[in-house]
Amino acid sequence: MNILLTSAGRRTYLVEYFKEALAMAGETGLVHGANSRNCPAFSVADRKAVTPLIYDKEYIPFLLEYCRKWDIKLLIPLFDVDLPVLAAAREEFQAQGTVVVTADADAVDLCNDKWKTCRILSQQNILTPRSWLRAEDAAAAAREGQVSFPLMVKPRWGMGSLSVYQADNEEELRILDRKIRREINESYLKYEGARDSANVIIQEKIRGSELGLDVVNDLRGRCRAVVVKKKGAMRAGETDEAETIDCRELERLGERLSELVGQRGNLDVDILEENGKYYVLEMNARFGGGYPFSHAAGLHLPYALVMWALGKEPEECRLRARPGIRAQKDIRMLVWSGET
């Protein structure tokens, strides 16, 4: 079985996890890494592919041909910008025997669009920060006592904590709203941000601890596991330190979110806790930066995905994570020796 990780970036650990998964399943095959330029994951991938940019008209044709050439059975997108493009083409890949491991296009849109996320969650009576699309409306809510400063201001279709700011008063709110709109147009956020002129979202600040969920579905979209983690440190919007914990309330919440999104593979969920209440902040229908902490505690989603693709069931122990496992990420250098 051959596997392709797109937008592989720095996810060297995922390449290694999938290599291990093939060996555990007794499968021969290669783990390929794809990216629009050289990246650290290429250093450990069995094969590498430099692709067109995600929104280039040749991106999907390139990947379809690549998957045909290398008989790719599982395609794992790892970047939010990648998800809607690949989800929209999922049936084309399926027709040639390649399973794209993410959610359907509508569910990807629900996750990527923070405004849509908070609206749908509120309709489902799931707590989420109060949100506004217009600075004027958020400011009015503050003047009327419905919410208090500080407020968080960020791109509606954002990722990696890019252009996320705190506004401490109404003047800062208006300045930051304009600033973020400029920054969206100057970064890769412009691709999805161009969908609507209302591309900035303002949210109440939830004061409390940060938690994360890995909500694991099989390739039929059925929930098979929920792992809860308490975050200890963050870096550039990604979990840097975390500990797996027991919390049946959040496990049940994960099961509800699994049913709502119906993704294949992982749903990465950011949670904020305040005064004993849990607020869903964001959802990503992909492996998130917090997955390695679940993996360190015993969950082996890459192995489970390989087994499900083979029409087999993974051992139950591979779908569980032990509570009380604390881990930290490390930083290492990769030298390309002049390679371009």
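Computed from a prediction, not measured in an experiment: that's the story for all the values here.

*Asks:* Explain the nonpolar core to me, please; I cannot follow it from the model alone.
*Replies:* Note on soluble globular proteins: their nonpolar side chains tend to be buried together. Ile3, Leu5, Leu74, Ile76, Phe287 and Leu305 are the most contacted members of the largest nonpolar core, which totals 38 residues. Elements with a contribution of two residues or more to this core: strand S1 (2-6), helix H1 (12-24), strand S4 (72-77), strand S11 (223-235) and helix H12 (301-309). In contact with Leu5, not counting residues within four places along its chain, are Leu14, Val15, Phe18, Val31, His32, Gly33, Ala34, Ile76 and Leu78. In this structure, Val147, Met159, Leu176 and Ile184 belong to the second largest nonpolar core, which totals 36 residues.

*Asks:* Please clarify how the pairing of S11 should be interpreted in this entry.
*Replies:* Bridge analysis of strand S10 (residues 209-217) against S11 gives seven bridges, and the strand direction is antiparallel. By the bridge assignment for S11, Asn217 is matched with Cys223. Connecting the antiparallel pair S10 and S11 is a turn made up of five residues, with Gly221 showing a positive phi of about 80 degrees. In this structure, S11 lies alongside strand S12 (residues 238-245), joined through seven bridges in antiparallel fashion. For Lys231, the partnering residue across the bridge sits in S12 and is Ala242.

*Asks:* What should I look at first to understand the pattern of salt bridges in this one?
*Replies:* All told, the structure shown has 28 salt bridges when counted by the stated rule. Across the pair Asp109 and Lys116 runs a salt bridge whose closest N-O atoms are separated by 2.5 Å. Lys116 gets classed as partly exposed once you look at its relative accessible area, which sits at 31%. The residue Arg224 makes a salt bridge to Glu313 at a minimum N-O spacing of 2.7 Å. You can see Arg224 sitting in strand S11 and its partner Glu313 sitting in the loop between H12 and strand S15 (326-328), a full 89 residues away along the chain. Overall, the relative accessible area of 43% leaves Glu313 in the partly exposed class. Connected through shared salt-bridge partners, Asp218, Arg222, Arg224, Glu313 and Glu316 make up one network.

*Asks:* Whenever I open this one, unusual backbone geometry confuses me. Can you help?
*Replies:* With the exception of glycine, the majority of residues adopt a negative phi angle, and the majority of peptide bonds are in the trans configuration. Between Phe149 and Pro150 the backbone carries a cis peptide bond, its omega angle lying at 5 degrees. Relative to the assigned elements, Pro150 resides in the loop between helix H7 (135-143) and strand S7 (151-155). Of note in this structure, Asp71 is not a glycine but carries a positive phi near 50 degrees. The class of Asp71 is partly exposed, set by a relative accessible area of 42%. The phi dihedral of Asn275 is positive, around 55 degrees, even though this residue is not glycine. Looking at the element boundaries, Asn275 is found in the loop between strand S13 (265-274) and strand S14 (277-284).

What counts and what doesn't
Residues numbered from 1 in each chain as written. Predicted model: local features only at pLDDT ≥ 70, side-chain atom pairs only at ≥ 80, totals over all residues. Heavy atoms only, no water. Core = buried A, V, L, I, M, F, W, Y, C linked by side-chain atoms within 4.5 Å. Buried < 20%, exposed > 50% of the residue type's maximum accessible area, 1.4 Å probe, protein only. Helix = DSSP H or I, 4+ residues; strand = E, 2+ residues; numbered from the N terminus. Contact = heavy atoms within 4.5 Å. Pairing = 2+ DSSP bridges. Salt bridge = Lys/Arg side-chain N within 4 Å of Asp/Glu carboxyl O.

Structural measurements only, silent on function.
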